[in-house]
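# Observations on the model geometry
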Amino acid sequence: MFFYIHIPFCRQKCQYCKFALTPKFDELKISTYLHVLKKEIGDFFESNTHVSVETIYFGGGTPSILTAHQLEEILSIFRRQPGSQSLSEITLESNPEDITREYLRSLYDIWINRLSLGVQTFNTDTLRIVWRSDSNTYIFSALKSIAEGPIENISCDLIAGLPHTSPWQIVSDLTTLFEIMSPKHMSIYMLEDETYPKNWKPHLGGEETVRSEYLAGALWLKTRGFEQYEISNFAKPGFASKHNTSYWNHSPYRGFGLSAASYIDGSRSTNHTSFSGYYQGKHTIDVLSSESLRIERIMFGLRTCWVATTDLDDPKKVEILLHGWLIEKRENKVFLTSTWIFLIDYIIGELI
Ligand code: SF4
C-alpha cells in the first residue's frame, strides 16, 4: 500500500495555496500534532498488521520544517511493520530555505531517498511579489548542497503563470537549475486560477503566456531525455514517482494527518481540515459507485496515458473527438493528442 503523511505547517501562506495548513505554529503545536499523527498511524497498523508498505510520501505544507529526528520517529512506526520489507521510496517535500548539507545527510541517514524541492522560479521580481522575498540566493544555496549528494533522486517544481512570467522565464529557470544539478524528475504546474490576488493582476501575462511557458518548459525537458508521464510531471526513464502513480492507477493508499485522503476497497475517506476536527478524529467517507470509478479512470487516464475504450460509453462522442484529432485511438485504448493538451477539461467533459 502507498502512504501519505500530511505536515500542515508553512512559514508563510502563499497567496495561491489551497492546501490545509497553518503559518502560525510553534514547537508545542508541532509536537501536539505529531503526537496525534503517530497515534493515527499506530492505530492503523494495529488493525492492519500485514499490510505491505510500498512508498511513504511526506507532503504538506512544508515537511522539511521537521527535524530528521521527528521524521524518524514517524518512519520507525512503519519500519516496525512486517510489510515494510517492500518499502522502496520515501519522499520528502521540501522548501529550499530548509536545505543544508547537514540536513540532507541526516535525511539520507534515516533512509529518505527522494527529495521534492519547491524551486518555483529564480525570477526575483516574482519572488518579491509572491513570497515577499528580495533574493533567490537561498534557492542557489539549496541546489548547490543537493548537487553534493548524498540523495540522488531529486524532483524540482517550477510554476508557470506567476506574475512577471514569460515563456522565456521557464527556459531560463530550467537552464539555471540544470547548470547547478541534474534532477531526475521535474514538475511544471500551471497557475490558471481566476482568483489571483489583486496585486498580481498588473504583472500577469494571461492565459496564452501561461500555456506558452508550460509548452516551452515541456519541450526543453523532452529534448533532454525526460519522459512526460502526466500532464505536469516529467521524469528520466525509471524515475517516475511510484507514489503519485499509485493515485492515478487507483491503487489503494492511506493518508495520515490533517485533510489527508485515503482510498481503500472502493471507499475514499478524508480527514477533517481543521486541527480541532482532526484531533477529534472527524473524517468523511464516500463509497465510490462503479460510475464514479469509471469517471475517475477517464480523468486520471487522460492526464497520464490512456483510457480503455470499455470505459467510454458513448461511441458517437468518441467518433466526433477522433475526427477533430483531439484524441487518438490505438487498439482498444484512447489517448489525448499532445496538441490539444489544454482542452483536457473539455475532452473529459465530452467523454464522461
Ligand atoms: S509553501 Fe507550498 S504548501 Fe506552503 S503555503 Fe506555499 S504553496 Fe502552500
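Treat the numbers as computed from the prediction; the structure is a model and nothing was measured.

For Ile-295, the location among the structural elements is in helix H10 (residues 290-304). Between the C-alpha atoms of Ile-295 and Asp-109, which are 186 residues apart in sequence, the distance is 42 Å.

The subject of this paragraph is helix H4 (residues 124-131). Within H4, the full set of buried residues consists of Thr-126, Leu-127 and Val-130. Taken end-on, H4 shows its buried residues confined to a sector of 100 degrees, consistent with a single buried face. Directly after H4, the chain includes Arg-132, whose backbone phi takes a positive value near 50 degrees.

What follows is about the site of the ligand. Taken together, Cys-10, Lys-13, Cys-14, Cys-17, Phe-19, Leu-21, Gly-60, Gly-61, Thr-62 and Gly-118 make up the full set of residues near the ligand. The class makeup of the residues in the shell around the ligand is 5 nonpolar, 4 polar and 1 charged.

Attention shifts here to the sheet that holds strand S15 (residues 333-336). Across the sheet, 3 strands lie side by side as S13-S15-S14; this open sheet has antiparallel pairing. This sheet does not close on itself; its edge strands, each paired only once, are strand S13 (306-308) and strand S14 (327-330). Ignoring strand direction, the axes of neighbouring strands in this sheet form an average angle of 30 degrees. Each of S13 and S15 touches H10; the most contacted strand, S13, lies at about 145 degrees to it.

Next up on the list: the domain arrangement of the protein chain. Domain parsing of the protein chain yields domain 1 (2-247) and domain 2 (298-352). Spacing between the C-alpha centres of domain 1 and domain 2 amounts to 30 Å. Residue-level contacts link 4 residues of domain 1 with 5 residues of domain 2. In terms of residue class, the side of domain 1 that touches domain 2 is built from 2 nonpolar, no polar and 2 charged.

Here S15 shows a clear split, with Val-334 and Leu-336 buried on one side and none of Lys-333 and Phe-335 buried on the other. Bridging between S13 and S15 involves 3 bridges; their strand directions are antiparallel. Bridge pairing in S15 links Ala-308 to Lys-333. As defined by bridge partners, S14 adjoins S15 across 4 bridges and the pair is classed as antiparallel. When the bridges of S15 are listed, Lys-329 appears paired with Val-334. Following S14, the chain reverses through 2 residues before pairing antiparallel with S15; Glu-331 in that reversal takes a positive phi of roughly 50 degrees.

The subject of this paragraph is unusual backbone geometry. The peptide bond linking Gly-60 to Gly-61 adopts the cis configuration, its omega dihedral lying at 15 degrees. Relative to the helices and strands, Gly-61 resides in the loop between strand S2 (55-60) and helix H2 (68-79). Omega for the bond connecting Gly-149 with Pro-150 falls within 30 degrees of zero, at 5 degrees, which places this linkage in the cis form. When you line up the elements, Pro-150 lands in the loop between helix H5 (137-147) and strand S5 (153-160). With phi around 65 degrees, His-164 is a residue other than glycine that occupies positive phi space. Positionally, His-164 belongs in the loop between S5 and helix H6 (167-180). Although it is not a glycine, Glu-331 sits at a positive phi angle of roughly 50 degrees. Within the fold, Glu-331 resides in the loop between S14 and S15.

It is the contact of helix H1 (residues 27-47) with H2, at a shortest axis distance of 9 Å, that shows an interaxial angle of 15 degrees. The angle between H1 and H2 falls in the class roughly parallel. As for how H1 packs across H2, the hand of that crossing is right-handed. In this structure, H1 uses Leu-34, Leu-37, Lys-38, Ile-41, Gly-42 and Phe-45 to contact H2, whose residues at the interface are Gln-70, Glu-73, Ile-74 and Ile-77.

Turning our attention to the environment of Glu-93. Looking at the secondary structure, you find Glu-93 in strand S3 (residues 89-94). Measuring from C-alpha to C-alpha, the distance between Glu-93 and Gly-118 comes to 7.6 Å, with 25 residues separating the pair along the chain. If near-sequence neighbours (up to four positions away) are discounted, Glu-93 is found in contact with Phe-58, Gly-59, Gly-60, Pro-63 and Ser-116.

Right, let's talk about the pairing of strand S6 (residues 185-190) for a bit. Across 6 bridges, S5 lies against S6 in parallel orientation. The residue bridging Asp-157 from the neighbouring strand is Ser-187, located in S6. Since S5 and S6 lie parallel, the crossover through H6 that links them has a hand, and here it is right-handed. Bridge count between S6 and strand S8 (residues 233-235): 3 bridges; the pairing is antiparallel. Directly across from Met-186, in S8, lies its bridge partner Phe-234.

Reading guide: rules and limits
- Residues numbered from 1 in each chain as written.
- Predicted model: local features only at pLDDT ≥ 70, side-chain atom pairs only at ≥ 80, totals over all residues.
- Helix = DSSP H or I, 4+ residues; strand = E, 2+ residues; numbered from the N terminus.
- Buried ≥ 20, exposed ≤ 12 C-beta atoms within 10 Å, placed from the backbone.
- Arc of directions from axis to C-beta.
- Near = placed C-beta within 6 Å.
- Nonpolar A, V, L, I, M, F, W, Y, C, P; charged D, E, K, R; others polar.
- Pairing = 2+ DSSP bridges.
- Axes fitted to C-alpha atoms, helices over the stretch in contact; angles between N-to-C directions.
- Contact = placed C-beta atoms within 7 Å.
- Domains from an automatic or database assignment.
- Parallel < 35°, antiparallel > 145°, perpendicular 65-115°, else oblique.
- Left-handed = near helix turned anticlockwise from the far one by under 90°.
- Right-handed = clockwise from strand over helix to strand, strands pointing away.

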